[in-house]
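Observations on the model geometry
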Amino acid sequence: MDNYIAYQPIISAKKQKTVAYELIYRQDGGSLYNQDDQGAASMIVSFLNQLEGSSFLGGRDVLLTFTPNLLMKNVPDIFDVKKLIVQIDDTVLINPETLEMVHRYRERGYRIAFIGFTFNNRSLDILPHVDYLKVNFERIEDDAREIKNIISLAQNLNKKTIAYNVNSPEARGKAMVLGFDYIQGESVADMLRSKTHRMEKLNSVFYRLLSEISAPQPEFDRIEELVSMDVNLTYSLLRMVN
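Moving on, we get to the overall build of the protein. Each helix and strand in the protein was counted, giving 10 helices and nine strands. When burial is assessed residue by residue, the protein has 48% of its 242 residues classed as buried. Accessible surface, the protein as shown: approximately 12300 Å² in total, 47% of it carbon and sulfur.

Here it is, written out as structure tokens:
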């Protein structure tokens, strides 16, 4: 089974121009929104290895999903706060420690996108700490009233809304009429997929390096050994940190 990093454009509903991209990890036949640590780490490595300047993805913002584990390892610190939108889902809200990490990143200037908002206590509690609410537009037939209420709530609180899984021209038109700020899905543009042949090796080095750096007493000889195993990853990490 092949692994892919998909770059899915997000457009402004009003101006019909691409404003950002989401990097999505998938396996052939797998769900685009079923992230685990391996998938998230693979996306991050791919992003780092291609972020060589403002020309990457036209210099537009990039959304990356961060799992609770990667948040606890302070992985967003690697990225430029001006380029990255930290995307989280409901799994982050379950753990008070990871929820606190989200609060801290927002205070430091990172923008936060929450995918899968519903009217429950956990979602409502996170609202003050997010900038974007992502709504699954495939729910429109069953949950039209709730989706309209989410858009109204977001507008009242000065939050932006993103409709994802907008997969037909008809759905795209309906999302615009409803008042979504941004639209994402197959109807917006074909996904651009790039096979990541080195993913397994990169993912292994990435995690081992994170583990060593996060240790209470880091072994610098071991860190040096891991860094030397992948020059491209090392170069990208240094560029982002510096």
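So, on to the side chain of S123. Position of S123 among the secondary structure elements: in helix α5 (residues 121–126). Look at S123 and you get buried, because its relative accessible area is 1%. Setting aside chain neighbours within four positions, we find S123 in contact with L93, F114, F117 and T118.

A separate point is the packing of aromatic side chains. Overall, the coordinates contain five aromatic pairs when judged by the stated rule. An angle of 90° between the planes, with centres 5.2 Å apart, marks the rings of Y105 and Y110 as edge-to-face. The two residues Y105 and Y110 agree in class, both being buried. Geometrically, the ring pair formed by F137 and F180 is edge-to-face, given 5.9 Å between the ring centres and 75° between the ring planes. With F137 in the loop between β6 (132–136) and α6 (144–156) and F180 in the loop between α7 (169–178) and β8 (182–184), this residue pair connects regions lying 43 residues apart in the sequence.

Tallied over the full model, the rule gives nine salt bridges. Residue E22 pairs with K134 through a salt bridge whose shortest N-O separation is 2.7 Å. With E22 in strand β2 (residues 18–27) and K134 in strand β6, the pair connects residues that are 112 residues apart, well separated along the chain. Like K134, E22 is buried. Among the ionic pairs, R139 bridges to E146, the shortest N-O distance being 3.1 Å. Among the residues examined, R139 registers a relative accessible area of 18% and is labelled buried. Residue E146 is classed as partly exposed on the basis of its relative accessible area of 24%.

A separate point is unusual backbone geometry. Despite not being glycine, N158 shows a phi value in the positive range, around 60°. Unlike most non-glycine residues, N165 shows phi in positive territory, near 60°. Here N165 lies in the loop between β7 (160–164) and α7.

Analysis parameters
- Residues numbered from 1 in each chain as written.
- Predicted model: local features only at pLDDT ≥ 70, side-chain atom pairs only at ≥ 80, totals over all residues.
- Heavy atoms only, no water.
- Helix = DSSP H or I, 4+ residues; strand = E, 2+ residues; numbered from the N terminus.
- Buried < 20%, exposed > 50% of the residue type's maximum accessible area, 1.4 Å probe, protein only.
- Areas by Shrake-Rupley, 256 points an atom, 1.4 Å probe, with all protein chains shown as cover.
- Contact = heavy atoms within 4.5 Å.
- Phe/Tyr/Trp six-rings, centres within 6.5 Å; stacked < 30°, edge-to-face > 60°.
- Salt bridge = Lys/Arg side-chain N within 4 Å of Asp/Glu carboxyl O.

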